[in-house]
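Understanding the architecture of this molecule
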Amino acid sequence: MDRKGLSPGLVFDKLKKFQENDMDYKSGRILGSMCTCAHPVAKKAYCDFLESNLGDPGLFKGTKALEDEVISLLGSFLGCKSAYGHVITGGTEGNLMAIRAARNMARINSPTSSPEIIVPKSAHFSFKKAADILGLKLMEAELDENYKIDLDSVQELISSRTVAVVGVAGTTELGKVDPIGELSRICNEKNIYLHVDAAFGGFIIPFLKEMGFKIPEFNFKLSGVSSITVDPHKLGLTPIPTGCILFREKKFLDVMSIETPYLTEKQQSTIVGTRTGASAAATWAILKYMGKEGYMKIASSTMEVTNFLARELTSSGFELVSEPELNIVAFNSGKIPAKELSTKLKQKGWVVSVSACPPAIRIVLMPHIRKEHIVEFMDDLKSIQKSAL
Ligand SMILES: *Cc1c(COP(=O)(O)O)cnc(C)c1O
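Here goes a summary of the coordinates provided. It should be emphasised that the depicted structure is a prediction, and the values quoted were computed from it without experimental measurement. (Residues numbered from 1 in each chain as written. Predicted model: local features only at pLDDT ≥ 70, side-chain atom pairs only at ≥ 80, totals over all residues. Heavy atoms only, no water.)

**Examining the overall build of the protein**
Counting secondary structure elements, the protein contains twelve helices and 13 strands. Here the C-alpha radius of gyration of the protein, 22 Å, is about what a compact globule of 389 residues would show, namely 21 Å. The dimensions of the protein, computed from C-alpha atoms along their principal axes, are 65 × 65 × 45 Å. Scored against the burial criterion, the 389 residues of the protein give a buried share of 55%. Considering only residue pairs separated by 6 or more positions, the protein has 71% of its internal contacts joining residues 24 or more positions apart. Carbon and sulfur atoms form 53% of the exposed surface of the protein, whose accessible area is close to 18100 Å². (Helix = DSSP H or I, 4+ residues; strand = E, 2+ residues; numbered from the N terminus. Rg over C-alpha atoms; globule rule 2.2 N^0.38 Å. Buried < 20%, exposed > 50% of the residue type's maximum accessible area, 1.4 Å probe, protein only. Contact = heavy atoms within 4.5 Å. Areas by Shrake-Rupley, 256 points an atom, 1.4 Å probe, with all protein chains shown as cover.)

In structure tokens, the structure reads:
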């Protein structure tokens, strides 16, 4: 640390140097991320609320009202306008809060000395963190031939130790939607907490359904669903960090609330204490600005690019892992192993990700990726494939 400070000009010059080493979504070369450029409306709202602290809501009553409105707006397209919840940092925190609520409920209703949660093998790694932090055993249910949670496997894993079952609406690797309706029926019957991880799918499935896409129900309309994670900082177009956790009933927040002696509110259910109101303001702004129609447009244009890529790949002899359900395409070359292919693509400036189950090149067609990027990408991909012959 220098004794004398630098001038603002010098500070920002130096910052710029660091930023020059970052990739930029606009380049169209980031093909494996679930994040994208934040919308200018959301960015402006975010900056306007930078100093608000939702950890002390008595001081920021306006921002607290914004958070409440965001939860109810999201609830309205997730089947429960009266949902309770919070705007938080992302899907990881949302899943951690949901599993914490489920574990604490079980402590009251059906105590067990060795609590377990059941998640599909396709679940996001945040559940491994949640299980570790909360002292739970993670039981992984098998997948069926369509890479969705296998219901027989879930039934076999359920026991008196089960505190929650998790279904995923839009898996991280393949964008698959688990049969949440059936999970809801099973969980109702056995009186088990069901959490739906729609971190990725929550901002696209409702809008695709509105446009007539045949995707089964996944939200609070199913009576067994107790909580839903949804991430505005993915397809919701807000700046990072913005996630949301919604609960059907207030008791799920109460069961994990802690007394907060020195603050303006008496109880707090969030994991984070001091927390930004900027994410709530940005989400409120973008929801109001976009309306259902705005998000329907995003959903349909990303699916168009998704289908374009899928067709280009199959007509050029690449193998799709399965037909894309949401805006994620996973494929293999048939000649070059996925890891090696991803390295070759990187050398040409394309950053894809490699899925683990099954191993494949995974491309997330976020709104910053346009058809012209896919055309260029296919040229490079085909030339790599040819050179492998
Ligand atoms: C992205 C994602 C998460 C994790 O969200 P973060 O915002 O990265 O913490 C959890 N679940 C699913 C299904 C996701 O796609």
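**Considerations on the pattern of salt bridges**
Within this structure, the stated rule accounts for 13 salt bridges. Across the pair Lys-64 and Asp-68 runs a salt bridge whose closest N-O atoms are separated by 3.1 Å. Placement of both Lys-64 and Asp-68 in helix α3 (residues 61-77) is noted, with a separation of four residues, approximately one turn of the helix. Its salt-bridge partner being Lys-121, residue Glu-142 comes within 2.9 Å of it at the nearest N-O pair. Placement of the pair is Glu-142 in the loop between β3 (137-141) and α6 (151-157) and Lys-121 in the loop between β2 (116-120) and α5 (126-134), with a sequence separation of 21 residues. Beyond isolated ion pairs, a larger network of salt bridges with shared partners links Lys-64, Glu-67, Asp-68 and Arg-275. (Salt bridge = Lys/Arg side-chain N within 4 Å of Asp/Glu carboxyl O.)

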